[in-house]
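Inside the fold
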Amino acid sequence: MNPNLADKAQPFTQLPLKPELLTNLVTMGFKQMTPIQAQSLPTILQSKDVIGQGKTGSGKTAAFGLGILNKLNVKRFRIQSLVLCPTRELADQVAKEIRTLARGIHNIKVLTLCGGVPMGPQIGSLEHGAHIIVGTPGRIMDHLDRGRLDLSEVDTFVLDEADRMLEMGFQDALDAVIEHVPSLRQTLLFSATYPKQIEAIANRIMVKPKMVKVESTHD
Ligand code: ADP
Ligand code: MG
């Protein structure tokens with residue numbers, strides 16, 4: 001084996017993760033952390049704010065997904081985490097990966113709330129409650145405006161693909177959603193690029209974030 005590879009081996013087992021999460025990572029075939037996971041997870045798991053910049057495929061979903069799940073108290077049936085994504089497709093992918101990471105955590109409920117989907121069934125699902133919401137900013141705001149969504153107990157707030165969210169014109173919805181989450185929380189922001197507008201948002205909504213930047217899926 002290439003000795004450099006051995007040096008860089010970063011097994012998930014070195015992290016203070018719940019045993020069921022470590023078991024699921026094995027089942028999923030995730031052995032080593034990707035560079036962005038290795039650089040961000042120790043800080044994420046301390047419940048601190050992190051800005052993660054990395055291209056598609058660098059493993060950002062598991063980085064924040066494990067952060068959410070490691071902290072989550074499944075016995076508290078309240079919305080404890082909110083993940084905002086730019087599109088329904090991305091929200092569905094994120095929700096799917098979080099559910100896979102959460103396999104075996106009894107009764108955990110991950111709900112997607114996205115635009116382009118009829119309101120009725122979403123309202124019904126919301127009435128049944130959830131631990132984690134993954135959705136698009138516009139639709140989340142719709143539910144908040146109608147008083148159907150209570151984010152007052154959110155302690156992990158994630159902006160995924162923040163640059164694309166801005167490109168899609170979600171700045172106002174984003175600002176409005178932020179007003180509904182407690183100020184005492186962990187905020188995680190992921191983006192492929194880090195333009196000035198994102199920096200401005202980060203300065204406004206994050207507390208001493210750790211910046212993690214990786215160039216690719218490999219070092
Ligand atoms: P990003 O959000 O950075 O574009 P994803 O989180 O979607 O990337 O991850 C890309 C792919 O890599 C997904 O199929 C995911 O399941 C897989 N993956 C993530 N982390 C690992 C890992 N540590 N080991 C193996 N595969 C991984
Ligand atoms: Mg992603």
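Because the structure is a prediction, the values reported are computed rather than measured.

Let us now look at the overall build of the protein chain. For the protein chain, the count of helices and strands is ten helices and seven strands. Taking the principal axes of its C-alpha atoms as reference, the protein chain extends roughly 60 × 40 × 30 Å. Taken across its 219 residues, the protein chain has 49% of its residues classed as buried. Working note: accessible area of the protein chain is about 10,700 Å², and carbon and sulfur atoms make up 52% of it.

Glancing now at the nonpolar core. By size, the foremost hydrophobic cluster in this structure holds 38 residues, and its most contacted members are Phe64, Val83, Ile98 and Val134. For this core, the secondary-structure elements that each account for two or more residues are helix H2 (19–28), helix H3 (35–44), helix H4 (60–71), helix H5 (88–101), strand E4 (132–135) and strand E6 (186–191). Apart from the residues within four sequence positions on either side, valine 83 is in contact with Phe64, Ile68, Val94, Ile98, Ile133, Val134, Gly135, Val158 and Asp160. Within the second largest apolar cluster, 32 residues are counted, among which are Ile79, Met165, Ile201 and Ile205.

Taken together, 13 residues surround ligand 1, and among them Gln32, Gln37, Gly57, Lys60 and Thr61 come closest. In the model, an oxygen atom of ligand 1 is placed 2.6 Å from a nitrogen or oxygen of the glycine 57 main chain. Within the backbone of glycine 59, one N or O atom sits 3.1 Å away from an oxygen atom of ligand 1.

Turning next to the confidence of the model for the protein chain. Regions with low pLDDT carry predicted coordinates that are not meant to be interpreted in detail. Looking at the protein chain as a whole, the pLDDT averages 94, with 95% of positions reaching at least 70. Low confidence marks residues 1–6, where pLDDT is under 50. Its contacts with residues over four positions away, or in another chain, come to one contact. Here the predicted complex carries an ipTM of 0.99, next to a pTM of 0.95.

Between H4 and H5, the shortest axis-to-axis distance is 10 Å and the interhelical angle comes to 55 degrees. Here H4 lies oblique to H5, going by the angle between them. Pair H4 / H5 crosses with right-handed handedness. Within the contact between the two elements, H4 uses Thr61, Ala62, Phe64, Gly65, Leu66, Ile68 and Leu69 and H5 uses Val94, Glu97, Ile98 and Leu101.

Next up on the list: helix H9 (residues 171–178). All of the buried residues in H9 are Ala173, Leu174, Val177 and Ile178. Buried residues along H9 cover an arc of 135 degrees about the axis, so they all sit on one side.

Take the packing of aromatic side chains next. Tallied over the entire structure, the rule returns one aromatic pair. Look at phenylalanine 64 and phenylalanine 190: their rings are 5.4 Å apart centre to centre, the planes differ by 50 degrees, and that puts the pair in the tilted class. Placement of phenylalanine 64 in helix H4 and of phenylalanine 190 in strand E6 is noted, with a sequence separation of 126 residues between them. Taken individually, phenylalanine 64 and phenylalanine 190 each receive the classification buried, so the pair is uniform in this respect.

Turning our eyes to something else, we now look at the sheet that holds strand E7 (residues 210–213). Across a sheet, paired strands are connected by hydrogen bonds in the backbone, their directions being either parallel or antiparallel. Strand order in this open sheet of seven strands is E3-E4-E2-E5-E6-E1-E7, and the pairing throughout is parallel. On the outer flanks of this sheet lie strand E3 (110–113) and E7, each paired with one strand and no other. Mean inter-strand twist for the sheet, computed between neighbouring axes without regard to direction, equals 15 degrees. In this sheet, E7 lies alongside strand E1 (residues 50–53) in parallel orientation, the contact comprising four bridges. The residue of E7 that forms the bridge with glutamine 53 is lysine 213.

UniProt marks residues 10–38 with the feature "short sequence motif: Q motif" (unreviewed entry), using the numbering shown here. From the first C-alpha to the last, residues 10–38 spans 7 Å; its make-up is 48% helix and 0% strand.

Parameters and conventions
- Position labels on residues start from 1 in each chain and follow its written sequence.
- Whichever chain is written first is A, and whichever ligand is written first is 1; the rest continue in order.
- With pLDDT at 70 or above as the cut-off, local features in this predicted model cover only qualifying residues; side-chain atom pairs require 80 or more to be listed or tallied, and sums for whole chains, interfaces and linings still use all residues.
- Water and hydrogen atoms play no part in the side-chain values, which are based on all heavy atoms of the structure.
- Secondary structure elements are defined from DSSP: runs of H or I of at least 4 residues count as helices, runs of E of at least 2 residues count as strands, and each element is numbered from the N terminus.
- Any residue under 20% of the maximum accessible area for its type is buried, any over 50% is exposed, and the rest in between are partly exposed; the area is computed with a 1.4 Å probe on protein chains only.
- Computed by Shrake-Rupley with a 1.4 Å probe, the accessible areas treat only the displayed protein chains as cover when residues are assessed.
- In plain words, nonpolar cores are sets of buried Ala, Val, Leu, Ile, Met, Phe, Trp, Tyr and Cys residues tied together by side-chain atoms within 4.5 Å.
- The criterion used for residue contact is that any of the two residues' heavy atoms lie within 4.5 Å.
- If even one non-hydrogen atom of a residue comes within 4 Å of a molecule or strand, that residue is called near it.
- Any pair of nitrogen or oxygen atoms within 3.5 Å is treated as a polar contact; in protein, a donor-acceptor pairing is required on top of that, and neighbouring residues in sequence qualify only through side-chain atoms on both sides.
- Each residue carries a pLDDT score, the predictor's confidence in it, ranging from 0 to 100.
- Orientation is described by axes fitted as lines to C-alpha atoms, over the contacting stretch for helices, and by angles from 0 to 180 degrees between their N-to-C directions.
- Roughly parallel refers to an angle under 35 degrees, roughly antiparallel to one over 145, roughly perpendicular to one between 65 and 115, and oblique to any angle outside these ranges.
- Helix crossings fall into two classes, left-handed where the near helix is turned counterclockwise from the far one by less than a right angle and right-handed where it is turned clockwise.
- By arc we mean the arc of the directions from the helix axis to the C-beta atoms, nothing more.
- By convention, a stacked pair of Phe, Tyr or Trp rings (six-membered ring in the case of Trp) has centres within 6.5 Å and planes under 30 degrees apart, an edge-to-face pair has planes over 60 apart, and any other such pair is tilted.
- Pairing between strands requires that DSSP locate at least two bridges from one strand to the other.
- UniProt positions are given in the numbering used here, feature names are shortened, and annotations may be inferred rather than shown by experiment.

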